[in-house]
Amino acid sequence: MADGMTTPRAKRSRKARPPTTPDPIEIAMEAEAEGRSPEGIAYRVLEKQERLIGWQIASERAGFALRVLTGLAGLAAATALSVMAWQASRSDGLVVEAFSVPPALVSRGATGEVVARGVLDRLGELDRAANSLQSVRIADAWTQDTKIEVAQTGVSLDDVQRLLRRWLGHETHLTGEVVQTATGVRITARTGVGRTVTAEGSAEQLPELARQTGEALFRQARPVQYAEYLYRGGRWAEAKPLLAQVLQTSDDPLTRAAAANALGAITAYSEFRPAEGIEWFRQAAEGPNRLLGAIALRDAASVADALGHNRESIVLTRLALKRLGHEPGAVADWYRAGIRATLAASEFDYHTASRLLRPYVGRANAGSTGVYRATYASYLAALHETTAARRLAVTPYPLIELSSENWPVTLAIARAARAQGDASPRILALEAFSLVQLGQPEAAKKVIATTPVDCFFCALTRAMILSRQGDAVGAEQAFRTAELLYPGQINTLLYWGRERLGRGDAQGALQVFRRAEKLAPRFADPAAWSGEALLALGDDKAAEEAFRKAQPLAPRWGRLHLKWGEALAKLGKTAEAKAKFSQAAALDLTSAERAELQNVTRKRTN
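What counts, and where the lines are drawn
- Residues numbered from 1 in each chain as written.
- Predicted model: local features only at pLDDT ≥ 70, side-chain atom pairs only at ≥ 80, totals over all residues.
- Heavy atoms only, no water.
- Helix = DSSP H or I, 4+ residues; strand = E, 2+ residues; numbered from the N terminus.
- Contact = heavy atoms within 4.5 Å.
- Expected span 1.5 Å × (residues − 1).
- Buried < 20%, exposed > 50% of the residue type's maximum accessible area, 1.4 Å probe, protein only.
- Phe/Tyr/Trp six-rings, centres within 6.5 Å; stacked < 30°, edge-to-face > 60°.
- Lys NZ or Arg CZ within 6 Å of the ring centre and 35° of its normal.
- 1 Å grid on protein atoms, 1.4 Å probe; cavity = no way out; pocket = protein on both sides within 12 Å on 5 of 7 lines; lining within 4 Å.
- Points joined across faces, edges and corners; volume = space filled by probe spheres on them.
- Nonpolar A, V, L, I, M, F, W, Y, C, P; charged D, E, K, R; others polar.
- Axes fitted to C-alpha atoms, helices over the stretch in contact; angles between N-to-C directions.
- Parallel < 35°, antiparallel > 145°, perpendicular 65-115°, else oblique.
- Left-handed = near helix turned anticlockwise from the far one by under 90°.
- pLDDT = per-residue confidence, 0-100.
- Disulfide = S-S within 2.5 Å.
- Salt bridge = Lys/Arg side-chain N within 4 Å of Asp/Glu carboxyl O.

**Focus on the environment of Arg-498**
Inference 1: Mapped onto the fold, Arg-498 is located in helix α23 (residues 490–502).
Inference 2: Expressed as a C-alpha distance, the spacing of Arg-498 and Phe-513, which sit 15 residues apart in the sequence, is 8.8 Å.
Inference 3: Setting aside its immediate chain neighbours within four residues, Arg-498 contacts Glu-405, Phe-513 and Trp-529.

**Brief notes about helix α24 (residues 506–519)**
Inference 1: If you check α24, its first and last C-alpha atoms are 20 Å apart, about what 14 residues at 1.5 Å a residue would give, namely 20 Å.
Inference 2: Burial in α24 covers these residues: Ala-506, Gly-508, Ala-509, Leu-510, Val-512, Phe-513, Ala-516 and Glu-517.
Inference 3: Turning to α24, the residues buried within the fold contact α23, α25 (524–537) and α26 (540–550).

**A few points about the packing of aromatic side chains**
Inference 1: This model, assessed by the stated rule, comprises 15 aromatic pairs.
Inference 2: Relative to Tyr-350, the ring of Phe-348 lies with its centre 6.3 Å away and its plane at 85 degrees, an arrangement referred to as edge-to-face. For the residue pair Phe-348 and Tyr-350, the accessibility class agrees, reading buried in each case.
Inference 3: Geometry around Trp-564 places Lys-580 over its ring, the cationic atom sitting 3.7 Å from the centre.

**Overview of the environment of Lys-322**
Inference 1: Tracing the backbone shows Lys-322 in helix α12 (residues 310–324).
Inference 2: Remark: the alpha-carbon pair of Lys-322 and Arg-336, spanning 14 residues in sequence, is separated by 10.0 Å.

**Topic: empty space enclosed by the protein**
Inference 1: Evaluated as defined, the whole model comprises one cavity of 30 Å³ or more.
Inference 2: Within this model, the largest cavity holds a volume of roughly 30 Å³.
Inference 3: Phe-348, Tyr-350, Ala-382, Leu-383, Arg-522, Phe-523, Ala-524, Asp-525, Leu-553 and Ala-554 are the residues that line the largest cavity.
Inference 4: The residue makeup of the lining of the largest cavity, split by class, is eight nonpolar, no polar and two charged.

**Observations concerning the packing of helix α18 (residues 407–419) against helix α19 (residues 425–437)**
Helix-helix packing is described using two parameters, namely the angle between the two axes and the distance between the axes.
Inference 1: Put simply, α18 and α19 touch, their axes get as near as 8 Å, and they point 150 degrees apart. The orientation of α18 relative to α19 falls into the category roughly antiparallel. Two packed elements cross with a definite hand, and for α18 against α19 that hand is left-handed. On α19, the residues that touch Trp-407, Thr-410, Leu-411, Ile-413, Ala-414, Arg-415, Ala-417 and Arg-418 of α18 are Ile-427, Leu-428, Leu-430, Glu-431, Phe-433, Ser-434, Leu-435 and Gln-437.
Inference 2: Each residue belonging to the contact of α18 with α19 can be placed in one class, and the counts come to 10 nonpolar, three polar and three charged.

**Points about the confidence of the model for the chain**
Inference 1: Residue-level pLDDT values for the chain average 84, and 80% of them are 70 or greater.
Inference 2: Note on residues 145–157: pLDDT under 50 across the span, and 15 contacts to partners over four residues away in sequence or across chains.

**Structural notes on the state of the cysteines**
A covalent bond between the sulfur atoms of two cysteines is what we call a disulfide.
Inference 1: Taken as a whole and assessed by the stated rule, the structure comprises one disulfide.
Inference 2: Through a disulfide, Cys-455 is tied to Cys-458; the S-S separation comes to 2.3 Å. A torsion of 70 degrees about the S-S bond marks the disulfide between Cys-455 and Cys-458 as right-handed.
Inference 3: Of the residues examined, Cys-458 reaches a relative accessible area of 0% and is grouped as buried.

**A word on the packing of α19 against helix α20 (residues 441–448)**
Inference 1: Contact geometry of α19 with α20 gives a least axis separation of 7 Å together with a crossing angle of 170 degrees. As judged from the angle between their axes, α19 and α20 are roughly antiparallel. Seen from α19, the contacting residues are Leu-428, Ala-429, Glu-431, Ala-432, Leu-435 and Val-436; seen from α20, they are Pro-441, Ala-443, Ala-444, Val-447 and Ile-448.
Inference 2: Each residue belonging to the contact of α19 with α20 can be placed in one class, and the counts come to 10 nonpolar, no polar and one charged.

**What about the pattern of salt bridges?**
Inference 1: Inspection of the entire model under this criterion finds 33 salt bridges.
Inference 2: Ionic pairing is found between Lys-563 and Glu-566, a salt bridge with its closest N-O pair at 3.7 Å. Of this pair, Lys-563 and Glu-566 both sit in helix α27 (residues 558–570), three residues apart, roughly one helical turn. The residues Lys-563 and Glu-566 share a single accessibility class, namely buried.
Inference 3: Where Lys-563 meets Glu-596, a salt bridge forms, and the shortest distance between an N and an O atom there is 2.6 Å. Taken together, the residues span a long stretch of sequence, with Lys-563 in helix α27 and Glu-596 in helix α29 (residues 591–605) at a distance of 33 residues.

What follows is the structure, encoded as structure tokens:
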């Protein structure tokens with residue numbers, strides 16, 4: 001060209017390499033590997049293949065999740081069925097089916113459900129009156145349907161539950177019918193074991209006939225609970241042969257244990273044969289139910305205590321607590337508190353005993369007619385809170401009146417018990433002990449003569465009789481015998497020391513009281529009586545220290561404040577003594593103590 005410039009030649013494009021395979025996916029992948037942009041049908045096939053793989057992965061994940069959920073659903077269903085089976089295996093009670101009733105009675109409102117409801121109501125009344133530890137679950141069969149159906153089966157959950165209860169459980173189904181007779185109507189009812197009961201009367205008596213049928217069925221289906229109902233109603237003579245029959249015919253360990261326990265109560269408390277009662281209780285304690293076993297041992301301990309066998313009573317109480325173990329539930333907690341409180345009281349730790357029992361006072365429980373009022377009141381009495389104790393007790397209670405030294409009342413209690421047929425060693429000893437305190441040792445000697453030698457309260461009473469008869473040597477020997485019989489019985493030491501103090505042997509009294517202090521450090525009485533012995537010995541400072549030591553253990557003991565005030569007055573602490581006398585005047589005092597307080601305050605004002 002004229003200007004000398006040359007025009008550049010256009011770069012020739014490289015010729016695309018022909019495909020090596022007819023597979024469109026491989027063609028696209030070769031293009032991707034060579035850095036060329038895939039295009040055409042092969043590339044579109046590759047894109048579709050990628051989306052297909054994504055869907056396949058998602059589908060497999062969804063299938064896995066579905067299989068997991070199906071497995072979990074099956075596991076949940078199996079678990080639910082297992083729970084239902086377990087509940088069914090523990091089901092026990094009476095289930096009343098609707099009765100068959102003639103149309104003529106139905107038209108008058110006496111339907112099968114109405115008649116069955118009358119039976120059901122009586123069953124419930126008897127169960128509540130029996131107040132048995134093995135309370136009977138009573139239900140009707142027509143109000144239990146849940147109506148929740150399993151899909152595509154036409155079977156409801158209630159059908160499954162009912163089937164499991166009948167297969168695995170221990171329910172007794174009660175069925176029956178009402179038929180018209182020439183004279184009126186007849187109710188026939190039967191249990192699942194094929195036994196029947198009947199009641200006949202006029203059509204107008206149908207409600208009462210239903211109640212009679214209910215009672216007959218309860219006796220037949222639950223004989224032990226019916227016997228407990230009879231016993232609690234004072235009809236123990238009717239209950240005893242029924243329980244004996246249960247022991248002869250039943251092979252169920254729990255039923256036999258419950259029957260033995262009821263026989264123990266009848267024998268010990270109604271027939272006043274305590275030793276035989278203890279044997280029945282021991283037999284009941286060998287049964288399979290821990291709670292029933294613990295209650296039986298506790299009752300055996302109570303009877304042993306009535307016999308004056310204190311050591312045996314404590315051993316049995318400890319066995320009761322061990323038998324109960326960690327049994328769960330409110331009922332077990334109620335009994336556990338009572339047993340622990342009894343053990344604390346046996347160690348003369350009445351603060352702990354009252355604290356353990358306080359939350360349960362006034363609360364009734366299955367298998368017991370008590371509400372712990374009298375027991376708790378006795379602990380308050382041991383803490384010398386007599387007014388509070390009497391407020392809790394419905395009737396005069398021996399331990400309360402003993403603690404307050406109300407001898408006319410304790411004598412009346414003992415004689416009233418004897419008039420009712422109770423001639424147990426504890427009652428005889430209470431009568432004799434009261435007579436001794438009322439200045440009648442000869443009369444007391446006649447009463448105590450028939451009691452056994454291995455009775456603690458009896459041995460103590462014999463020692464007291466000798467002391468009050470003026471036989472100091474014989475009394476000392478008798479107190480030693482009582483102590484050897486039951487070592488560690490603080491009441492022996494306290495009365496022994498008080499008798500010595502009354503004879504003018506303050507030093508000998510102090511020795512005995514000091515021993516009691518070591519054995520019962522949580523009991524106020526030994527320290528307080530040590531203080532009185534020290535006062536008699538003229539050691540007013542040591543006496544004041546002893547009273548100060550006792551005060552936290554029985555802060556509302558009137559006598560303690562009275563004697564403390566005397567010690568303070570002798571030490572010249574007039575203001576403090578006056579304060580103690582004022583405290584004593586506001587607290588519980590016996591008539592003799594109140595007279596002493598008036599005498600002391602009169603001397604101080606003159």
